[in-house]
Amino acid sequence: MNRNPGQRSSDAFDVAIVGSGIVGLGAAYAALRRGLRVVVIERGARIAGASVRNFGHLCIGAQEGEASAYADAGRALWLQLAREADFWMRESGTLIVARHADELRLLEAAAVDGGIRLLDAREIEAASPLAPGIAVGGARVEVDLQTNPRVAAERIARHLESQGVEFRMRTSATAVSSGRVETSRGGVDAPAIIVAVGHDLDHLLPDLAHEAGVERCALDMMRVQAALARPLDAPLLTGWSLVRYGRFARLAEAAPVRERLHAERPDLAAIDLNQMYTQLPDGSLLLGDTHVRDSVASPFQSEDAQQAILDEAQVIFGISAPRVIERWQGVYASAAREFLSREIAPGAHAIAVTTGIGMTCGLGFAEQAVAAATGLPLPAVTHEQDLR
Ligand SMILES: Cc1cc2nc3c(=O)[nH]c(=O)nc-3n(C[C@H](O)[C@H](O)[C@H](O)COP(=O)(O)OP(=O)(O)OC[C@H]3O[C@@H](n4cnc5c(N)ncnc54)[C@H](O)[C@@H]3O)c2cc1C
């Protein structure tokens, strides 16, 4: 990647993209595949935002509506990029453990629409390292994928750069107008501009962020070494996940699950826990995650919340206290609507995934935004069949 912005090319760009998280990279990929000359402006020296701090769970089959359309489009793009850019990706599906009859009823109701295979208690225990007796049943969401978020974005960026996309790192966008991005290292001209700065939209475009109600959602996460009974070969969700993902949460059967969980565990409800797990290729386990929404992400992480995440992992896997390898805070953009897309000046668009599904939906969403900004149709995805 061009980490020395002193080395400038001849500057005839068709598209300028601000932000090199998964949404900005998705926009760069979409523009590149349309044969356009692309520059990506990124204030960091490396990619280090939400797109590397997450579970790497591409939670496609749990979406609904607009999110489902972007997730489906994104699935094909993820598979294609994994092959082209050479990073780890598995067609794992997602496992969901039901620990109560009401969670099972919710899974049964969701499964009616297809793509979800119901499992009995013995099957979910055989498919995952759950503690004996913890499950009353479960399910596998068939279409979901898993990647390693610590690797994927950087590999995508390197691949795009090898295909001619110019990356201007350590370069902050300070203003955007029709045909021009002002940056901390001078102006960049391009007829089409895509602003994809995630939760920092309020720094660059404060009026738009205010009007759209965009806040920061801060999440506590950790990576642990745990003596699991067997590998976790797919992301694992729980009842706490079901009551937040669109396909499940919209169903009438979600209400009793939410009420019971909140009544039984007000402590976990208070930290807005999404109790879920993914295992990285090195065997370590990602645990999370808590949610706090505010205009500023507090730098002070609650130890009680982190302990609750660890305690629940011990219960669900029947393990002794895991060794914590790393803790971190992730932040994503949050608003009442799941997606923000606005033409802020002729040819200049601001886009953001404004809930915690940007890895799942970001590539498909960015494709659609670039199609709208350039007026060029979506190219067909050609390689997916080969990858299955
Ligand atoms: C802990 C956590 C767990 C999650 N788990 C999942 C999951 O399992 N599955 C899923 O689908 N989603 C998940 N998400 C959500 C997902 O990670 C985000 O929605 C997604 O990564 C957002 O991508 P982005 O490109 O918009 O933002 P980011 O990745 O934050 O990228 C924005 C980029 O813009 C740059 N930038 C900002 N301002 C400027 C400026 N003025 N000039 C230049 N550059 C600028 C930043 O430096 C940054 O690199 C999770 C998020 C978190 C935090």
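Residues numbered from 1 in each chain as written. Predicted model: local features only at pLDDT ≥ 70, side-chain atom pairs only at ≥ 80, totals over all residues. Heavy atoms only, no water.

Draft legend 1. Examining the site of the ligand more closely. Neighbouring the ligand are 36 residues; Glu42, Ser51, His57, Ala173 and Thr360 lie closest to it. Expressed as a share of its isolated accessible area of 1,000 Å², the protein-covered part of the ligand is 95%. Residue composition of the shell around the ligand, by class: 15 nonpolar, 16 polar and five charged. Looking at which domains feed residues into the shell around the ligand, each of domain 1 (15-57 + 149-212 + 337-374) and domain 2 (94-142 + 215-334) gives three or more. (Near = heavy atom within 4 Å. Areas by Shrake-Rupley, 256 points an atom, 1.4 Å probe, with all protein chains shown as cover. Nonpolar A, V, L, I, M, F, W, Y, C, P; charged D, E, K, R; others polar. Domains from an automatic or database assignment.)

Draft legend 2. Here's a closer look at the domain arrangement of the protein chain. Each domain of the protein chain was delimited in the assignment, giving domain 1 (15-57 + 149-212 + 337-374) and domain 2 (94-142 + 215-334). Spacing between the C-alpha centres of domain 1 and domain 2 amounts to 30 Å. On the side of domain 2, 24 residues touch domain 1, which itself brings 17 residues to the contact. In total, about 1,500 Å² of surface goes out of reach between domain 1 and domain 2, with carbon and sulfur atoms giving 59% of it. For the pair domain 1 and domain 2, the number of links is three salt bridges. Note that Arg216 and Asp200 form a salt bridge whose closest N and O atoms lie 2.9 Å from each other. Across the domain 1-domain 2 interface, the total number found is eleven residue pairs in polar contact (both at pLDDT 80 or more). When contributions to the side of domain 1 that touches domain 2 are tallied by element, the ones reaching two or more residues are helix H5 (149-162) and helix H6 (201-204). When grouped by side-chain class, the residues that make up the side of domain 1 that touches domain 2 number five nonpolar, eight polar and four charged. (Contact = heavy atoms within 4.5 Å. Buried area = accessible area lost by both parts, 1.4 Å probe. Salt bridge = Lys/Arg side-chain N within 4 Å of Asp/Glu carboxyl O. Polar contact = N/O pair within 3.5 Å; in protein donor to acceptor, adjacent residues only side chain to side chain. Helix = DSSP H or I, 4+ residues; strand = E, 2+ residues; numbered from the N terminus.)

Draft legend 3. Geometry of the environment of Ala127. Note that Ala127 resides in helix H4 (residues 121-127). C-alpha of Ala127 to C-alpha of Leu95: the two residues are 32 residues apart in sequence and 8.2 Å apart in space. If near-sequence neighbours (up to four positions away) are discounted, Ala127 is found in contact with Leu95, Arg140 and Asp233.

Draft legend 4. View of the side chain of Asp144. Along the chain, Asp144 turns up in the loop between strand S7 (137-141) and strand S8 (145-147). Buried charge Asp144 goes without a salt bridge, the closest partner of opposite sign being Arg75 at 6.6 Å. A polar atom in the side chain of Asp144 sits 2.8 Å from the backbone nitrogen of Gly61. Residues within four places of Asp144 in sequence aside, it is in contact with His57, Leu58, Cys59, Ile60, Gly61, Arg90, Glu91, Ser92, Gly93 and Thr94. (Buried < 20%, exposed > 50% of the residue type's maximum accessible area, 1.4 Å probe, protein only. Lys, Arg positive; Asp, Glu negative; His and termini not counted.)

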